[in-house]
Amino acid sequence: MSKRSEAPAEEQLSYEQARGELAEVVQKLESGGGTLEESLALWERGEHLAAVCQRWLDGAKAKLDAASS
């Protein structure tokens, strides 16, 4: 259920916000020290944030392609 309640807010993340949080997730994962459950939750969050960033980049690329056509 929590993923559904987070979805609208996630769609409003800017590229910079998603990238910044993704960098924090990576740093936490690299530092270790968490439980396996915590690490898996961080990994899943990172995957989601990476997808948000990719959507922004894909949208920007599409705009550039359309402008150069």
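Presented here is an overview of the structure given in this document.

Overview of the pattern of salt bridges
Taken as a whole and assessed by the stated rule, the structure comprises 2 salt bridges. Note that glutamate 21 is salt-bridged to arginine 45, the shortest N-O span being 2.8 Å. Of this pair, glutamate 21 sits in helix 2 (residues 15-31) while arginine 45 is found in helix 3 (residues 36-68), placing the two residues 24 residues apart along the sequence. Assessed through its relative accessible area of 26%, glutamate 21 is described here as partly exposed. Here aspartate 65 ties to lysine 61 by a salt bridge, and the two come within 2.9 Å at their closest N and O atoms. Here aspartate 65 and its partner lysine 61 are both found in helix 3, 4 residues apart, which amounts to about one turn of the helix. The exposure class of aspartate 65 is partly exposed, given its relative accessible area of 37%.

The rules behind each value
Residues numbered from 1 in each chain as written. Predicted model: local features only at pLDDT ≥ 70, side-chain atom pairs only at ≥ 80, totals over all residues. Heavy atoms only, no water. Salt bridge = Lys/Arg side-chain N within 4 Å of Asp/Glu carboxyl O. Helix = DSSP H or I, 4+ residues; strand = E, 2+ residues; numbered from the N terminus. Buried < 20%, exposed > 50% of the residue type's maximum accessible area, 1.4 Å probe, protein only.

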